[in-house]
Amino acid sequence: MKIVVIGGTGLIGSQVVTNLRSAGHEVLAASPNTGVNAVTGEGLADALQGAGIVIDVANAPSFAEDVAMDFFVRAGRNLAAAEEAAGVTHHVALSVVGTELLLDSDYFRAKLAQEELIASAGVPWTLVRATQFFEFVGTIAGAAIIDGVARVTSASIQPIASADVAAKVAEAALAPPRNGMIEIAGPERLPMVELVKRHFDGIGETRDVITDDTAPYFGVLLEDRWLTPTGDAWLSKRRYSDWLAAQPKRVT
């Protein structure tokens, strides 16, 4: 069965493609740089011809106001129409744990709109909600720096390696559609301020990191458990400190 991965050349998508191909599946890595643009619709019908499964792991190019909403809504509508025409039997999409709680953010309002489009499109579906990736922790840490000091909330976070996300997305795609959501997360729940300290320690950067519960997370003031899974989530085994220690050292 042909599987199309929208966003198939990105961080998650490229790993999903590799995992599925290694298991012997026919996989098309679809992205604008391979001639398939879900937002404009360019190349979409041809890409989905003969496909049984579509996996959408594409992400908006910016958190800026209206950019994410335009991206996810246009792509969602185009995908729904193209999948119906092609006879796709399973749509799998990657989203974010806590999306419905983070609606002060334009980005998360857009992700919720994407989720609602998927659920109402009529194509059998599975939504995989993941916590923040290990690869994103550096961005979180950098965004927290004000006048040389990282000011970070003590709200909980439970990050996960992108490799583990990709593996679970591929697994979900090969399973029967849930017409519902699964949550996945890393094994450690800890205050975000502690995670940021581990990041700077791990990369050998001396940086003052202080707890500040008025510090926003990309425009959102967090409650304690908004970024952590609820209920029966799947938890990976890979810990952030071990993952960070295995990364190539920065050249200074």
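Residues numbered from 1 in each chain as written. Predicted model: local features only at pLDDT ≥ 70, side-chain atom pairs only at ≥ 80, totals over all residues. Heavy atoms only, no water.

As for the nonpolar core
Short version of the rule: Among buried residues, those of type Ala, Val, Leu, Ile, Met, Phe, Trp, Tyr and Cys that are joined through side-chain atoms within 4.5 Å constitute a nonpolar core. Think of it in three bands: residues with accessible area under 20% of the maximum for their type are buried, residues over 50% are exposed, and the middle band is partly exposed, with areas taken using a 1.4 Å probe on protein chains only. A run of DSSP states H or I qualifies as a helix once it reaches four residues; a run of E qualifies as a strand once it reaches two. Both are numbered from the N-terminal end. Whether two residues are in contact is decided by their heavy atoms: any pair within 4.5 Å suffices.
If you look at the biggest cluster of nonpolar residues, it comprises 50 residues, and the most contacted ones within it are I6, L48, V152, M192, V196 and L222. Broken down by element, the residue count for this core peaks at 6 residues, all from helix α3 (residues 67-86). Non-local contacts of M192, meaning those with residues more than four positions away in its chain, are made with I140, V152, T153, S154, A155, I157, Y217, L222 and L227. By size, the runner-up hydrophobic cluster in this structure holds 24 residues, among which are I12, V27, A173 and I182.

Quick look at the pattern of salt bridges
For side chains bearing opposite charge, pairing can occur when the charged atoms are close. The condition that has to hold: One side-chain nitrogen of Lys or Arg within 4 Å of one carboxyl oxygen of Asp or Glu is enough to make a salt bridge.
According to the stated counting rule, one finds 10 salt bridges in the structure shown. Among the salt bridges present, the one from R198 reaches E194, with a minimum N-O distance of 3.4 Å. Taken together, the positions of R198 and E194, both in helix α7 (residues 192-202) and 4 residues apart, correspond to about one turn of that helix. Here R198 falls in the partly exposed class, since its relative accessible area comes to 26%. On the accessibility criterion, E194 (30% relative accessible area) is partly exposed.

A look at the packing of α3 against helix α4 (residues 106-120)
We apply this condition: Angles run from 0 to 180 degrees between N-to-C directions of axes, and those axes are lines fitted to C-alpha atoms, restricted for helices to the stretch in contact. Every angle not falling under 35 degrees, over 145, or within 65 to 115 is termed oblique; those three ranges are roughly parallel, roughly antiparallel and roughly perpendicular. For this classification, Asp, Glu, Lys and Arg are treated as charged, while Ala, Val, Leu, Ile, Met, Phe, Trp, Tyr, Cys and Pro are nonpolar and the rest, including Gly, are polar.
It is at 8 Å that the axes of α3 and α4 come closest, and there the two elements cross at 10°. Classed by the angle they form, the pair α3 and α4 counts as roughly parallel. Touching A68, M69, F72, V73, G76 and R77 of α3 are Y107, R109, A110, K111, A113, Q114 and L117, all from α4. Counted by class, the contact of α3 with α4 contains 8 nonpolar, 2 polar and 3 charged residues.

Things to note about the sheet that holds strand β7 (residues 149-152)
We count it as follows: A pair of strands is labelled paired if DSSP reports no fewer than 2 bridges between them.
The strand order across the open sheet built from 3 strands is β6-β7-β11, with neighbouring strands paired in mixed fashion. Where the open sheet ends on each side, the last strands, each with one partner, are β6 (145-146) and β11 (209-211). Pairing of β6 with β7, which is carried by 2 bridges, proceeds in the antiparallel orientation. Bridge assignment links I146 to a residue of β7, and that residue is V149. Those strands touched by α7 are β6, β7 and β11, and its axis lies near 175° from that of β11.

A short note on the pairing of strand β4 (residues 90-96)
Counted only if it meets this: Whether a crossover is right-handed depends on one test, that the path from the first strand over the helix to the second runs clockwise when the strands point away from the viewer.
When you tally the buried positions in β4, you get 7 out of 7 residues, the bulk of the element. Burial of β4 is two-sided: the residues H90, V92, L94 and V96 facing one way and the residues H91, A93 and S95 facing the other way are all buried. Across 4 bridges, strand β3 (residues 51-56) lies against β4 in parallel orientation. Paired with I55 across the strands is V92, a residue of β4. One crossover worth recording links β3 to the parallel β4 by way of α3, and it is right-handed. Pairing between β4 and strand β5 (residues 125-130): 6 bridges, direction parallel. The residue of β5 that forms the bridge with H91 is W125. With α4 bridging β4 and the parallel β5, this β-α-β connection has right-handed handedness.

Read these as geometric descriptors, not functional statements.
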